[in-house]
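# Inside the fold
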Amino acid sequence: MNDDILPAELLTTLNEQFPCRAPQIRRLAALIGTDEAPSPPAIVLHGLEATGKTAIVRTFLDTVEASYTWIACHECVTVRQLMERISAGVTENAGGIDTGRAGDVCALGVRLSGALSGAERKHFLVLDRVDRTREGSSVLFAALGRLGEMIPSLTVIFILSVPKPRLLSSAEPPHIHFAPYTKEESIKILSKYVRRIPFQDIEEYTEEDAKEELYVWQKFCGTVWDSLAKGTARNVVQFRAIVDEMWEPFVKPIAEGKYGTRNYSSLYLLHKDMFRRETSVIDMVVPAGAAGEKAATNMHDLPYYSKFLLCAAYLASYNPARQDATFFMKSNDFGRKKRRGGGTTGPTKRTSKNRKIHRRLLGPQAFPLERLQAIFAAILPHRISSSADIQMQIATLTSLRLLTKASATDVLEASTKWRVNAGWDYIRHVARSVKFDIEDFVAE
Amino acid sequence: MLIIGARGTGKTTLLESAISDLTEEHKGEFLTVRLNGFFQTDDKIALREIWRQLGVEMELDEKDQPKTTNFADTLSSILAILSHPDELRAPDEEGAEPAEEDPSSTTTTLSVIFILEEFDLFATHPRQTLLYNLFDIAQSRKAPIAVIGTTTRIDVVESLEKRVKSRFSHRTVHLKNPPTLKGFWEICKEGLSVDMDEVDSEINGSSDEDRRCFESWNSHLENLYKNDKQFQRHLRRIYAQNKDPKSFFNSCILPLSSSTTSFPTGPSFSLPTNQLGEPDSILSILDGLTDLELTLLIAAARLDIISDTDTCNFQMAYSEYTALTSSLKVASSATGVTAGRLWSKEVALGAWERLAEYELLVPAVIGGGSGGGVSREGRMWRVEVGLAEIGKCLEMGRAGIGRAGLGKWCKEV
């Protein structure tokens, strides 16, 4: 029952540094507190990305000058590496002597209790992004959670994004939830990073200008949130990236002096198109303009027969085998576009009250190689005898990953099934380049 | 002997207090070896740990321990030590051969208590070598040892092999949660109130003011339980949910840490919910999802019901999403409400994969996360939450502000 856990000014500076996180910081203060106050053996912090978990905990521990060890779990490839890092880190930070390595969690417990036995101060072991640990198992997490119970002066802090019930399989440790920021909070946070309107003629930067900039900035952030960020990029980091990217083109008219700062709505109308496009939402390595052209031309320049083979593979994957006769038999030439009525259900049995799923949505189905060859022969405009060359082209398509093996059996086995690995748009483009009307052959 | 009970029923506490009582009575007459199934994940590690703990307790040099490479040697040397209590004090450097040439060693018999926490995990070790040997020694009275296991699993005896089971004494103690609310409160009160006798004995010369302060605190607690409606509801909720005193104490941390010594104001448990509590389910992250992610999730969950399969891929969910959004657009153009935006496939695929990262979607085939040669859009996933759950969440406004409109999609299929 201590009067106040932390000096008030400390909390105030933290709250200034991290706006809109007052309840979380207060809870942290209650749980971590000072050296005299007790701490629970394990604490779990959870919240989606970019809600300030890592930054706040680190700054908090720095500010209260607690002794702590920081382990970034996602950087450890094996459990052994994680254990060694923890033991090395704790030994170093707690001022113990290095007595060898700890390869497993049992040895780790021994090492840590040795290193911390003489410590008068509380020690905090922060496991950042613990849910991203490779090779992590529930037993491992449970053991890590128990470390704090084994060693009285140790508190283990777990940071993870999605809470998992019974992660530590122990009676529940205190959780602190870092809620996602709302629109108002996000804008408030971004207001800390107001960017200048570039190329302004005014020589000296006055208080007035700053105020105007803040006004435009906040309005702008609100618009971006409503039009783009709310839909796809809620977290502050993504939001800020979008705002950063769009800010300069947006305020260009102001910089050039065409618009005033208070004329926000007409400025918005001028740039209305900008908020409709999605270019700023999708991360692209290729610059936005070039990407569109590239996608169209980025087709493999395949040999003539390979293109037909690919079309045949697509048809084999997406058409039900039952309908092959309808589509590909020469005698049935006129009837091939005729579709049967309601009776065509897919390969899976479904009751009539359920809606039918479009075949294209179900993804490619596996087919035997013979079927591919039969369809290939049927769709070719002229006859060609099967030769090693055709087989080789199939092999080439496989190595290009346009065809993939769907079963685990050997390639040469007759029962091996295959699957096409290209989308409709790509196939249509390929088919057009050899003047083949693939639309006629696709079952609806 | 086994102690079985749910988490937080005080198995370990009971054991530790018994041991500390024993230590007072028979100091130096026994050793304790504590093992935990979470830490000693296989018999080899467990054996090494036994060696170490025995070594520490018997003040052996660490160099005396055998090389850890040979499992059989280690086991036999430990067995030898345990089986020859007369020569307990003299394991020599070779370790594998207990020192029989040292007849002058002390002949005091030391008992060893083995405590195996999470006993069920030891039963999963291959061939249950450790358990077999421990039980065998205990049963055949070669050495005075006692094996005590604690576990949460009631059926743990069933997981023992036949030869191990037959050597087990079948003595079990069940610890239960308090059967009544009153009993639960007694436990919680014990944790919160200040023990006056302890105050008198430990803090010598405690001032009258302190005494008064503690007394008023205790009576305040009693008062809270009897009269405060909110406090009662809070207590009852925890009792109904998990009967775990620990979660009650968790909920007390914040009010206690903010309370001061100016009694009898004390903490008021007017908190709406347990702020430090564990989230109920994965649904609690719904309010952090973007509109697009949430809509895709709803679309995928709808597909579960519509097409009567429990798996779906991105293509199916996206087409459902497109249908939903455009239907909304048609409806809203009549009423004049701004409709949700229809995002392109690339953006939606990103959102879809983020849902998978949050484990709201799990791959339908094992190892399907890496695809198995199928393109990203065609991979099959299973939705982890039901449509009705999402709908309820939206209705209660727990999934963010201004999203109640989406709840309509959860109801009309």
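Predicted model only: the values in this text are computed from it and were never measured.

Check the secondary structure of chain B and you find 16 helices and 8 strands. Counting over 413 residues, chain B shows a buried share of 46%. Counting only contacts in chain B whose residues sit at least 6 apart along the sequence, the fraction spanning at least 24 positions is 68%. Surface accessibility of chain B: about 20,800 Å² in total, with carbon and sulfur atoms responsible for 52%.

This part takes up the sheet that holds strand β6 (residues 367-368) of chain A. Residue and element names in this part refer to chain A. Strand order in this open sheet of 3 strands is β6-β8-β7, and the pairing throughout is antiparallel. In this open sheet, the two edge strands, each paired with only one partner strand, are β6 and β7 (403-405). Sheet topology places β7 next to strand β8 (residues 417-420); 3 bridges connect them, and they run antiparallel. Bridge pairing in β8 places Leu403 opposite Val420. Along the sheet face, helix α13 (residues 304-318) touches β6, β7 and β8 and points at about 105 degrees away from the line of β8.

A separate point is helix α17 (residues 424-433) of chain A. Helical geometry note: an α-helix holds 3.6 residues per turn, so side chains three or four residues apart project in the same direction. Residue and element names in this part refer to chain A. For α17, the complete set of buried residues consists of Trp424, Tyr426, Ile427, Val430 and Ala431. The buried residues of α17 all sit within an arc of 160 degrees when viewed along its axis, so they share a single face. Counted as exposed and oriented over 90 degrees from the buried face of α17: Asp425 and Arg432. On the buried face of α17, the contacting elements are α13. Trailing α17 by a residue or two, Lys435 shows a phi angle of about 55 degrees, which is positive.

Attention now goes to the confidence of the model for chain B. Parts of the prediction with low pLDDT should not have their coordinates interpreted in detail. Residues and elements named next belong to chain B. This prediction gives chain B a mean pLDDT of 73; 70% of its residues lie at or above 70. By mean pLDDT, helix α8 (residues 196-202) is the weakest element of chain B at 63, and helix α1 (residues 11-25) is the strongest at 88. Across residues 263-267, where pLDDT falls below 50, the model places 15 contacts with residues more than four positions away in sequence or in other chains. Confidence drops under a pLDDT of 50 for residues 269-273, and excluding neighbours within four residues, the segment shows 12 contacts in the predicted structure. Scored by ipTM, the complex comes to 0.79, with pTM at 0.78.

Moving on to the domain arrangement of chain A. Interfaces are often described in size by the accessible area the parts lose on coming together. Residues and elements named next belong to chain A. Segmenting chain A into domains produces domain 1 (3-178), domain 2 (183-285) and domain 3 (304-337 + 360-441). Facing the 6 residues of domain 1 at the interface are 7 residues of domain 2. Here domain 1 meets domain 2 over a buried area of about 520 Å², counting both sides, of which 63% is carbon and sulfur. Among the residues of domain 1 in contact with domain 2, Pro19, Cys20 and Ala50 are the three that bury the most area, contributing 77% of the side total.

Conventions and cut-offs
- Residues numbered from 1 in each chain as written.
- Chains lettered and ligands numbered in written order.
- Predicted model: local features only at pLDDT ≥ 70, side-chain atom pairs only at ≥ 80, totals over all residues.
- Heavy atoms only, no water.
- Helix = DSSP H or I, 4+ residues; strand = E, 2+ residues; numbered from the N terminus.
- Buried < 20%, exposed > 50% of the residue type's maximum accessible area, 1.4 Å probe, protein only.
- Contact = heavy atoms within 4.5 Å.
- Areas by Shrake-Rupley, 256 points an atom, 1.4 Å probe, with all protein chains shown as cover.
- Pairing = 2+ DSSP bridges.
- Axes fitted to C-alpha atoms, helices over the stretch in contact; angles between N-to-C directions.
- Arc of directions from axis to C-beta.
- pLDDT = per-residue confidence, 0-100.
- Domains from an automatic or database assignment.
- Buried area = accessible area lost by both parts, 1.4 Å probe.

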